[in-house]
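# Notes for the structure review
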Amino acid sequence: MDAGGALITQDTLSRLLAREKSQGERSAVRRLAADLGFADATALKTWVDAQRAAEQAALSEAERREQAATQALAAADERERRAEERLRAAIRQTALMRLGAAGDGLADAERLLDVPDDADDQAVAVAAAELKARRPELFGPAAPAVAPPAPGGAPAGGPPPRGQAPAAVGSAGLEMAKRRGYVPSA
């Protein structure tokens, strides 16, 4: 309770404490700036920035080149690491796709594939086959034993049946005449 007898809520208490804390921080920053001989915190920040710029300018050309080379080497290492990650992902995805994984099933199967990062292609293929045995639903429906018929009733998946040589002109009429007995059969 405060002096008037009203309750102080947690929210009110939190705001009062936060205000006191920020006032204390500002007071400490002002005191530090005054102890160091600066008018305010902005002047101190300006002086520190100027010191950093002077330090950078004082570096010799060789040191600058060394820093640039170090940064370039770190960037190259990072690019190489990302390339290796993409290669490992491609190897895993290829092994899974060969077994029939596609779409969301491929993404899920890739997350479930448990092989070390340095595994070779054979180890990845074996792990993918084991995953397919455990979780066949990730690899799509099983292929039907017989391909469904193509539109029009022709068998799907095979070459069209070979027909006979094209008939000569008038051969249909000759055949009909032979059947009816007008022309003797040979």
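Keep in mind the model is a prediction, meaning the values are calculated, not measured.

### Quick word on the nonpolar core
Counting residues in each nonpolar core, the largest one holds 13 residues, and the members touching the most others are L96, A109, L113, L131 and F139. Only helix 3 (61-98), helix 4 (103-112) and helix 5 (121-134) provide two or more residues apiece to this core. Per-element tally for this core: the top contributor is helix 5, with four residues. Setting aside residues up to four positions removed in sequence, L96 forms contacts with A101, L106, A109, E110, L113, A128, L131 and F139.

### What about the packing of helix 3 against helix 5?
In helix packing, the relevant descriptors are the interaxial angle and the interaxial distance, both defined with respect to the helix axes. The N-to-C vectors of helix 3 and helix 5 enclose an angle of 45°; their axes lie 9 Å apart at closest approach. Between helix 3 and helix 5, the interaxial angle falls into the category oblique. In terms of crossing hand, the pair formed by helix 3 and helix 5 is right-handed. In this structure, helix 3 uses I91, R92, A95 and L96 to contact helix 5, whose residues at the interface are D121, V124, A125, A128 and L131. When the residues that make up the contact of helix 3 with helix 5 are grouped by side-chain class, the tally is seven nonpolar, no polar and two charged.

### Observations concerning the side chain of R92
Tracing the backbone shows R92 in helix 3. Classification of R92 by relative accessible area gives buried; the value is 14%. Looking at R92, its side chain comes within polar contact range of the main-chain oxygen of V115, at 3.2 Å. Once you skip the residues sitting within four places of it in the chain, R92 turns out to touch L113, V115, P116, D117 and V124.

### Topic: the pattern of salt bridges
Side chains bearing opposite charge may pair, as long as their charged atoms lie close to each other. With the rule as written, the count across this model stands at nine salt bridges. Note that R135 is salt-bridged to E137, the shortest N-O span being 2.7 Å. Using a relative accessible area of 33% as the deciding quantity, one classes R135 as partly exposed. Classification of E137 by relative accessible area gives exposed; the value is 52%. The network of salt bridges with common partners includes E78, R81, R82 and E85.

### Focus: helix 1 (residues 10-35)
Taking 1.5 Å per residue, 26 residues should reach 38 Å; helix 1 reaches 37 Å between its end C-alpha atoms and fits that length. G37 occupies a position one or two residues after helix 1 and carries a positive phi of about 90°.

### Observations concerning the packing of aromatic side chains
Under the definition given, this model contains one aromatic pair. Their ring planes at 50° and their centres at 5.8 Å tell us that F38 and W47 sit as a pair that is tilted. Taking relative accessible area as the criterion, W47 reaches 44% and is therefore assigned partly exposed.

### A few points about the environment of F139
Note on placement: F139 falls in the loop between helix 5 and helix 6 (171-180). Judged by its relative accessible area of 4%, F139 is buried. With 30 residues separating them in the primary sequence, F139 and A109 have C-alpha atoms 8.2 Å apart.

### Concerning the packing of helix 3 against helix 4
Viewed as axis vectors pointing N to C, helix 3 and helix 4 meet at an angle of 120°, and their least axial separation amounts to 10 Å. In terms of orientation, helix 3 and helix 4 fall into the oblique class. Where helix 3 crosses over helix 4, the two elements pack in a sense that is right-handed. Here A89, Q93, L96 and M97 of helix 3 lie close against helix 4, whose contacting residues are L106, A109 and E110. Of the residues that constitute the contact of helix 3 with helix 4, the class distribution is five nonpolar, one polar and one charged.

The rules behind these values
Every chain's residues receive numbers from 1 upward, in the order its sequence appears when written. Local features in a predicted model are, by the rule used here, given only for residues with pLDDT of at least 70; side-chain atom pairs are given and counted only at 80 or more, and totals for whole chains, interfaces and linings are based on all residues. With hydrogens and water stripped out, all remaining heavy atoms of the structure feed into the side-chain values. We define the nonpolar core as a collection of buried residues of types Ala, Val, Leu, Ile, Met, Phe, Trp, Tyr and Cys that are connected through side-chain atoms lying within 4.5 Å of one another. Exposure categories follow from relative accessible area, calculated using a 1.4 Å probe and restricted to protein chains: below 20% of the type maximum is buried, above 50% is exposed, and the middle band is partly exposed. Going along the chain from the N terminus, every DSSP run of H or I of four or more residues is numbered as a helix, and every run of E of two or more is numbered as a strand. Throughout, a contact is declared for two residues whenever any of their heavy atoms are within 4.5 Å. Interaxial angles span 0 to 180 degrees and are taken between N-to-C directions of axes, which are lines fitted to C-alpha atoms, for helices over the stretch in contact. The scheme is simple: roughly parallel for angles under 35 degrees, roughly antiparallel for over 145, roughly perpendicular for 65 to 115, oblique for anything else. Definitions for this section: a left-handed crossing has its near helix turned counterclockwise from the far helix by less than a right angle. A right-handed crossing has that turn clockwise. Residue polarity follows a fixed list, in which Ala, Val, Leu, Ile, Met, Phe, Trp, Tyr, Cys and Pro are nonpolar, Asp, Glu, Lys and Arg are charged, and the others, Gly among them, are polar. What qualifies as a polar contact is a pair of N or O atoms within 3.5 Å, subject to a donor-acceptor requirement within protein and to the restriction that residues adjacent in sequence count only when both atoms come from side chains. Just to be clear on terms, a salt bridge is a Lys or Arg side-chain nitrogen sitting within 4 Å of an Asp or Glu carboxyl oxygen. By this rule the span expected of a helix is its residue count minus one, scaled by 1.5 Å. Think of it this way: a Phe, Tyr or Trp ring, Trp meaning its six-membered ring, pairs with another when their centres are within 6.5 Å, and the plane angle makes it stacked under 30 degrees, edge-to-face over 60, tilted otherwise.

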